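Fold and contact review
As a plain string of letters, each chain reads:
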Amino acid sequence: MEKDIQEILLTEEQIQRRIQELGEELTREYAGKNPVIVGVLKGVVVFYADMIRQIKVPCQMDFMWLSSYQGTASTGKMVVKRDVSADIKGRHVLILEDIYDTGTSLDFTYRHLLEKEPASLKICTLLDKPERRRPGITLKPDYVGFTIPNAFVVGYGLDYNEYYRNLPYVGVLKPEAYL
């Protein structure tokens, strides 16, 4: 897999250091609030597992699974394949996201969860790629691990055709690996 990586954008050490910092911030933010931490599958799994262990307050874990694909083609319409199982009405909810890219899925997730009337709803994303945001998407994450350039990145949960998720760092994929 390493032969397909053009450059390492974020090392494993940089990621872990930033997750620890975010964990300290989120621990202060959610002290006494018993939050529900929601991850959107699949890409968030690696970040979620590391992040949840750095949040040092009682919390409930939950997940959503979205899809905009039918076969290998995007339909352009988000569908909830698995919704949160927790009743989040009146609860403090934190969405953990691996990457905030075009904004389509995160905007959908945010609006979907907001309809369930949480006491608060915030977003923590490991990676923010603002250059790729679609017009009309104005949602801003409350917590950002790293702002990255417009490059095709893989590793640390991020994939290309379901591969590379298990790399311990975030790397830029060589164009010839996906063209």
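Scope of this entry: the structure provided in the associated data block. Model, not experiment: these values are computed from the prediction. Along each chain, residues carry numbers from 1 onward, in the same order as the chain's sequence is written. It should be noted that, the model being predicted, local features are given only for residues of pLDDT at least 70 and side-chain atom pairs only at 80 or more, the latter also being counted only at that level, while totals for whole chains, interfaces and linings use all residues. The side-chain figures draw on all heavy atoms in the structure; neither hydrogens nor water molecules are used.

By the criteria applied, helices consist of DSSP H or I runs no shorter than four residues and strands consist of E runs no shorter than two, each listed in order from the N terminus. Mapped onto the secondary structure, Ser-120 falls in strand 6 (residues 120-128). For the purposes of these results, a polar contact is taken to be a pair of N or O atoms within 3.5 Å, where, inside protein, one atom must be able to donate a hydrogen and its partner to accept one; residues adjacent in sequence count only when each atom of the pair is a side-chain atom. A polar contact of 2.7 Å, which involves the side chain of Ser-120, links it to the side chain of His-92. Contacts are assigned to residue pairs that have any heavy atoms within 4.5 Å of one another. Residues contacting Ser-120, with those up to four places away along its chain left out, are Arg-91, His-92 and Val-93.

With 29 residues, the main nonpolar core has Phe-47, Leu-94, Leu-96 and Leu-127 as its most contacted residues. Elements with a contribution of two residues or more to this core: helix 1 (12-29), helix 2 (45-52), strand 5 (92-100), strand 6, strand 7 (143-147) and strand 9 (170-173). Ignoring sequence-local partners within four residues, the contact set of Leu-127 consists of Leu-10, Asp-98, Ile-99, Tyr-100, Phe-146, Ile-148, Val-153, Leu-158 and Val-170. Leu-106, Leu-113, Ile-137 and Leu-139 belong to the second largest nonpolar core, which has 19 residues in total. Joining through side-chain atoms within 4.5 Å is the link that ties buried Ala, Val, Leu, Ile, Met, Phe, Trp, Tyr and Cys residues into a set, and such a set is a nonpolar core. When accessible area is computed with a 1.4 Å probe and restricted to protein chains, residues below 20% of their type maximum are described as buried, those above 50% as exposed, and intermediate ones as partly exposed.

It is worth spelling out the pattern of salt bridges at this point. A side-chain nitrogen of Lys or Arg and a carboxyl oxygen of Asp or Glu constitute a salt bridge if their distance falls within 4 Å. As enumerated under the stated definition, the model contains 15 salt bridges in all. Between Glu-29 and Lys-33 there is a salt bridge; the shortest N-O distance is 3.6 Å. Using a relative accessible area of 23% as the deciding quantity, one classes Glu-29 as partly exposed. In this structure, Lys-116 and Asp-83 form a salt bridge, with 3.1 Å as the shortest nitrogen-oxygen distance.

Once that is clear, we can look at the pairing of strand 2 (residues 36-41). A large share of strand 2 lies buried, amounting to five of its six residues. Paired strands are those between which DSSP finds at least two bridges. Where strand 2 lies against strand 5, four bridges are found, and the strand directions are parallel. Its bridge partner being in strand 5, Ile-37 is matched across the sheet by Leu-94.

Where helix 1 contacts helix 2, the two axes come as close as 9 Å, and the packing angle between them is 55 degrees. Considered as vectors, helix 1 and helix 2 are oriented oblique to each other. You can see that helix 1 and helix 2 cross each other, and the crossing is right-handed. Of the residues in helix 2, those touching helix 1 at Gln-16, Ile-19, Leu-22, Gly-23 and Leu-26 are Phe-47, Asp-50 and Met-51. The axes used here are C-alpha line fits, helices contributing only the stretch in contact, and every angle between their N-to-C directions lies in the interval 0 to 180 degrees. Should an angle fall under 35 degrees it is taken as roughly parallel, and over 145 as roughly antiparallel, whereas 65 to 115 is taken as roughly perpendicular and any remaining angle as oblique. Throughout, a crossing is termed right-handed when the near helix is turned clockwise from the far one, and left-handed when it is turned anticlockwise from it by less than a right angle.

With respect to the helices and strands, Glu-97 occurs in strand 5. Setting aside chain neighbours within four positions, we find Glu-97 in contact with Val-40, Val-44, Phe-47, Ser-105, Leu-106, Cys-124, Thr-125 and Leu-126.

Below, the discussion takes up helix 1. A helix is expected to span 1.5 Å for every residue after the first. Look at helix 1: 25 Å from first C-alpha to last across 18 residues, which is about the 26 Å you get at 1.5 Å a residue. Elements that come into contact with the buried residues of helix 1 comprise strand 1 (5-10), helix 2, strand 5, strand 6, strand 7 and strand 9.

Once that is clear, we can look at the pairing of strand 6. Every other side chain in a regular strand lies on the same face of the sheet, so the side chains alternate between the two faces. Burial analysis of strand 6 places eight of its nine residues in the buried class, which makes it a mostly covered element. Note that strand 5 and strand 6 share eight bridges and pair parallel. Pairing of Leu-96 across the sheet is with Cys-124, part of strand 6. Crossover handedness is defined here as right-handed if the route from the first strand over the helix to the second strand goes clockwise, with the strands pointing away from the viewer. A crossover connection joins strand 5 to the parallel strand 6 through helix 3 (residues 104-114); in handedness this β-α-β unit is right-handed.

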